[in-house]
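# Working through the structure, step by step
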Amino acid sequence: MFSKILIANRGEIAVRIIKTCRRMGIKTVQVYSEADAGSLAVEMADEVVLIGPAPAAQSYLLADKIVEAVRQTGAQAVHPGFGFLSENAGFARRLRDEGIAFIGPNPEAIEAMGDKISSKKLAAEAGVSTVPGHMGLIETPEEAVRIANQIGYPIMIKASAGGGGKGIRVAHSDADMAEGFAAVKAEALNAFGDDRVFLEKFIIDPRHIEIQVLGDKHGHVVHLFERECSIQRRNQKVIEEAPSPLLDDATRAAMGAQAVALAQAVNYDSAGTVEFVAGQDKSFYFLEMNTRLQVEHPVTELITGVDLVEQMIRSAWGEKLAFEQKDLKIDGWAIESRIYAEDPYRGFLPSIGRLVRYEQPEEGDQGDYVVRNDSGVREGDEISLFYDPMIAKLCAWGETREDAVAGMARALEDIHLSGLGHNVPFLAAVMDQDRFKSGNLSTGYIKDEFPDGFHGLRPTQAQERILIASALAMHEVIAEQDGDPSDRTDWIVMIDKTPHGVGLSYDEDEEMILTLTGGGDIRLSDIDWRPGLAQFKAELDGEPFTAEVKRVADGFDIRHRAARARVRVLRPHVAELYARLPEKAVADTSKMVLSPMPGLVVSIPVVVGQEVKTGETVAIIEAMKMQNILKAERDGVVKAVGAKDGDPVAADDVLVEFG
């Protein structure tokens, strides 16, 4: 077995690989950019090598630097993780030529499957069902429009070398196609160094289901069942689960057999994923094969008990698979939530900055569920604009899907992040939705369920009780600490502007009894909070919960899952005065185009004095290798331009102002 492995990646996947290597008794070398000098992976590895500045093109994407680091440290193999050089056939071939093991498939398999055009042709030849489309290269927007009309809208525009949700647009018209084609080519060139684009029919109301495959160098290939990855935003997965609530045993077996057939057709010899688009009728079509470890691999590990990183290492060493297809079984259900530094209240745009607070849920067996949290950052680390904004992959396993969903919802409660925007409230909202609980999913789920964007959810009756109880308990703790305990037994608890009458008493065990006007009694026990803590933990009528809390001038800001409110504990006569306060007027920004996120200005194609029509592009902002096109929402004349090409901008910076 290898004695030393170099990890050509960063963040949580680097940490994940280090953990398996440690268990296997293998030493690790971590390469890092200047931006990652103080990272968790660098701290954990046995050896580290600096390979360049922050931009990936000057560090993690430079094969020369990786090979030099291997030579310098005496590593025998390279694990590429995902992204960066993980699906670069030239890199894998170079390592092989230099006598360095590549912990991934052979370069010929990467080459065959890495090009999305040729892979579809190979899939068809292997008997795998494929989506209708145009697999030839397309050079111009005009040609793309002509072909799209032959296939029929809607059409998916995809970068041939794409991955990770980058280089994808859906066009519903000729105008969409012309603009989207140019944007995809630009994104593809920037992210992958390859601007080739192809088109395929967009399946209406589709589901995204993928099959995990695993092969060795002796011709053996198995599949480890499926993952459902339909909850996506900007064509990038957010929530994944295994198995899929759609599939029955027959469909599962058919998809698995096609995935194995495709892997065998290209002599696949490592972990890989065959992705399918599936109809609600269980029809399925090949999308692509990812010749690497997937971000969402933990859910497969949780339901099969197979460590995929370990299997990749063993395959690269030349070992035979230690199990056959008949030995693999599905045990329980697992869900993964990708926790991103992004603002769901602003259309999931990236949010960069320092992770001021990061409290993680306890991992392991929690009774009715098991928690796993794969993270590559710590409290105090910075989320950089140069890389993917992932903070963690939070997983919950349960014996049933219902158990896994409930476990995930509780685990999300136990995470606290501050210092930047994050998507935890959104993830919690999905867990609480009846549609998600039913398993009725599609790739349009977010658009369908949140057509006007995500703005949080209104508190349910049960959550109102949590908000009331938490606020009143904190109010009492603070009063006791200040030496000013009140003997009042009647309070008005305002949730935003809605008053709730509450009677307060204590039982013989000093547990709080809250009598709600018209709502009966509730009992609050096992309170775990003191001033300064950002999480309030307790049991409400015997059910544990965690709420995120913050003291503000006249009360508390409290969030439970996706419900957030300003909560005030008031004497009845004070509550009457609050009801009369006028609402603060909202600033008028209707004549301004604001930057929706921190990033770099790619271009602002308008000038002062120019007449602009509704729908015209007025700015293009780039962050995390994604380009965001901002369009005018009204006709007008440009009064001022607040930035120029190449400028860094913050969220809400004024880019263009109309007169």
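Residues numbered from 1 in each chain as written. Predicted model: local features only at pLDDT ≥ 70, side-chain atom pairs only at ≥ 80, totals over all residues. Heavy atoms only, no water.

## Points about the overall build of the protein
A count of helices and strands for the protein gives 17 helices and 40 strands. In terms of overall size, the protein behaves like a compact globule, its C-alpha atoms giving a radius of gyration of 27 Å where 659 residues would be expected to give roughly 26 Å. Along the longest, intermediate and shortest principal axes, the C-alpha atoms of the protein span 80 × 65 × 50 Å. Counting the 659 residues in the protein, one finds 56% classified as buried. Within the protein, residue pairs in contact and separated by at least 24 positions form 64% of the contacts whose partners lie at least 6 positions apart. Roughly 27000 Å² of accessible area belongs to the protein as shown, and the carbon and sulfur atoms make up 49% of that amount. One way to put it: in the protein the 71 positive side-chain charges average out to a point 4 Å from where the 104 negative ones average out. (Helix = DSSP H or I, 4+ residues; strand = E, 2+ residues; numbered from the N terminus. Rg over C-alpha atoms; globule rule 2.2 N^0.38 Å. Buried < 20%, exposed > 50% of the residue type's maximum accessible area, 1.4 Å probe, protein only. Contact = heavy atoms within 4.5 Å. Areas by Shrake-Rupley, 256 points an atom, 1.4 Å probe, with all protein chains shown as cover. Lys, Arg positive; Asp, Glu negative; His and termini not counted. Charge placed at Lys NZ, Arg CZ, Asp CG, Glu CD.)

## A short note on the pairing of strand E40 (residues 654-658)
Across a regular strand the side chains alternate sides, sitting on one face of the sheet and then on the other. In this structure, strand E33 (residues 592-594) lies alongside E40, joined through 3 bridges in antiparallel fashion. In the strand pairing of E40, Met592 is matched with Glu657. Bridging between strand E38 (residues 636-641) and E40 involves 3 bridges; their strand directions are antiparallel. Each residue of the ladder has a partner; that of Val638, found in E40, is Phe658. (Pairing = 2+ DSSP bridges.)

## With respect to the pattern of salt bridges
Per the counting criterion, the structure on display carries 60 salt bridges. The salt bridge partner of Arg354 is Glu382, with a shortest N-O separation of 3.0 Å. Of this pair, Arg354 sits in strand E18 (residues 353-354) while Glu382 sits in strand E22 (residues 382-383), and the two are 28 residues apart along the sequence. Of the residues examined, Arg354 reaches a relative accessible area of 44% and is grouped as partly exposed. (Salt bridge = Lys/Arg side-chain N within 4 Å of Asp/Glu carboxyl O.)

## Considering the sheet that holds strand E23 (residues 390-398)
Strand pairing in a sheet is mediated by backbone hydrogen bonds. Such pairs are either parallel or antiparallel. With antiparallel pairing, 9 strands are arranged side by side in an open sheet as E14-E13-E10-E11-E12-E15-E23-E21-E20. Unpaired on one side and paired on the other, strand E14 (284-290) and strand E20 (364-365) mark the two borders of the sheet. Alignment of strand E11 (residues 221-233) against strand E12 (residues 236-242), held across 4 bridges, turns out to be antiparallel. Directly across from Gln232, in E12, lies its bridge partner Lys237. Contacts between helix H12 (residues 401-413) and the sheet are confined to E12, strand E15 (333-340), strand E21 (370-375) and E23, with E23 contributing the most and set at about 140° to the helix. (Axes fitted to C-alpha atoms, helices over the stretch in contact; angles between N-to-C directions.)

## A look at the nonpolar core
Within the largest apolar cluster, 41 residues are counted, with the highest numbers of intra-cluster contacts made by Ile239, Ile335, Ile339, Ile391, Phe426, Met431 and Phe436. Counting residues per element, the ones that place at least two in this core are E12, E15, E23, H12, helix H13 (424-432) and helix H15 (445-449). Broken down by element, the residue count for this core peaks at 7 residues, all from H13. Leave out the neighbours within four places in its chain, and Ile339 touches Pro389, Met390, Ile391, Ala392, Leu394, Ile415, Leu417, Asn423, Val424 and Leu427. If you look at the next biggest cluster of nonpolar residues, it comprises 37 residues, including Ile5, Phe225, Ile313 and Leu321. (Core = buried A, V, L, I, M, F, W, Y, C linked by side-chain atoms within 4.5 Å.)

## What to know about the packing of aromatic side chains
Summed over all chains, the structure comprises 12 aromatic pairs. Ring geometry for Phe91 against Phe102: centres 6.1 Å apart, planes inclined by 85°, an arrangement best described as edge-to-face. In this pair, Phe91 sits in helix H4 (residues 89-97) while Phe102 sits in strand E5 (residues 101-102), placing the two residues 11 residues apart along the sequence. Residues Phe91 and Phe102 agree in their burial class; the two are buried. Members of the aromatic cluster, connected to one another through ring pairs, are Tyr345, Phe348, Phe426, Phe450 and Phe454. (Phe/Tyr/Trp six-rings, centres within 6.5 Å; stacked < 30°, edge-to-face > 60°.)

## Let's talk about unusual backbone geometry
Between Tyr153 and the following residue, Pro154, the backbone shows a cis peptide bond with an omega angle of 0°. When you line up the elements, Pro154 lands in the loop between helix H7 (141-151) and strand E7 (155-163). For the bond from Ala242 to Pro243, the omega torsion is -5°, close enough to zero to count as cis. Structurally, Pro243 can be placed in the loop between E12 and helix H9 (249-265). Here Lys282, not a glycine, exhibits a phi torsion of approximately 75°, which is positive. You can see Lys282 is positioned in the loop between strand E13 (271-278) and E14. Its relative accessible area of 30% is what places Lys282 among the partly exposed residues. Despite not being glycine, Asp496 has its phi angle at roughly 55°, a positive value. As for its position among the elements, Asp496 is in the loop between strand E25 (490-495) and strand E26 (498-506).

## Observations regarding the packing of H7 against helix H8 (residues 174-192)
Where H7 contacts H8, the two axes come as close as 9 Å, and the packing angle between them is 135°. By the angle between their directions, the pair H7 and H8 is classed as oblique. Here H7 and H8 pass one another in a crossing that is right-handed. Facing Pro141, Ala144, Val145, Ala148 and Asn149 of H7, the residues of H8 in contact are Asp174, Met177, Ala178 and Phe181. Of the residues belonging to the contact of H7 with H8, the class tally is 7 nonpolar, 1 polar and 1 charged. (Parallel < 35°, antiparallel > 145°, perpendicular 65-115°, else oblique. Left-handed = near helix turned anticlockwise from the far one by under 90°. Nonpolar A, V, L, I, M, F, W, Y, C, P; charged D, E, K, R; others polar.)

## Comments concerning the environment of Ala56
With respect to the helices, strands and loops of the structure, Ala56 is situated in the loop between strand E3 (47-52) and helix H3 (63-73). The exposure class assigned to Ala56 is buried, which follows from its relative accessible area of 6%. Along the sequence, Ala56 and Asp557 sit 501 residues apart, while their C-alpha atoms lie 39 Å from each other.

## A short note on helix H16 (residues 461-481)
If you check H16, its first and last C-alpha atoms are 30 Å apart, about what 21 residues at 1.5 Å a residue would give, namely 30 Å. Once H16 finishes, Gly483 follows within two positions and takes phi at roughly 75°, a positive value. (Expected span 1.5 Å × (residues − 1).)

## Remarks on a negative patch on the surface
A surface patch of negative charge is lined by Asp331, Asp365, Asp368 and Glu399. Along the chain, Asp365 falls in strand E20. (Patch = residues over 30% accessible without salt bridge, like charges linked within 9 Å, V, L, I, M, F, W, Y side chains within 5 Å.)

## So, the environment of Phe536
You can see Phe536 is positioned in strand E29 (residues 535-540). Residues Phe536 and Ser470 lie 66 residues apart in sequence; the distance between their C-alpha atoms is 7.1 Å. The contact partners of Phe536, leaving out residues within four places of it in the chain, are Ser470, Ala473, Met474, Leu524, Ile527, Asp528, Trp529, Phe545, Thr546, Ala547 and Val549.

## Things to note about the sheet that holds strand E30 (residues 543-552)
One closed barrel accounts for 8 strands, arranged E25-E26-E27-E28-E29-E30-E31-E32; its pairing is antiparallel. Neighbouring strand axes in the sheet, compared pairwise and without regard to direction, differ in orientation by 35° on average. In the sheet, strand E31 (residues 555-560) pairs with strand E32 (residues 563-570) via 5 bridges, with the strands oriented antiparallel. Note that in E32 the partner of Asp557 across the bridge is Arg566.

## Considerations on the side chain of Lys237
You can see Lys237 is positioned in strand E12. When its relative accessible area of 9% is taken as the criterion, Lys237 is described as buried. Here the side chain of Lys237 touches Glu210 through a polar contact of 2.8 Å, side chain to side chain. At 2.7 Å, the side chain of Lys237 and the side chain of Glu296 are in polar contact. Those residues in contact with Lys237, other than ones at most four positions away along the chain, are His208, Glu210, Cys229, Ile231, Gln232, Glu275, Gln294, Glu296, Arg338 and Tyr340. (Polar contact = N/O pair within 3.5 Å; in protein donor to acceptor, adjacent residues only side chain to side chain.)

Note that every value here comes from positions in space, so none of it alone points to a role or purpose.
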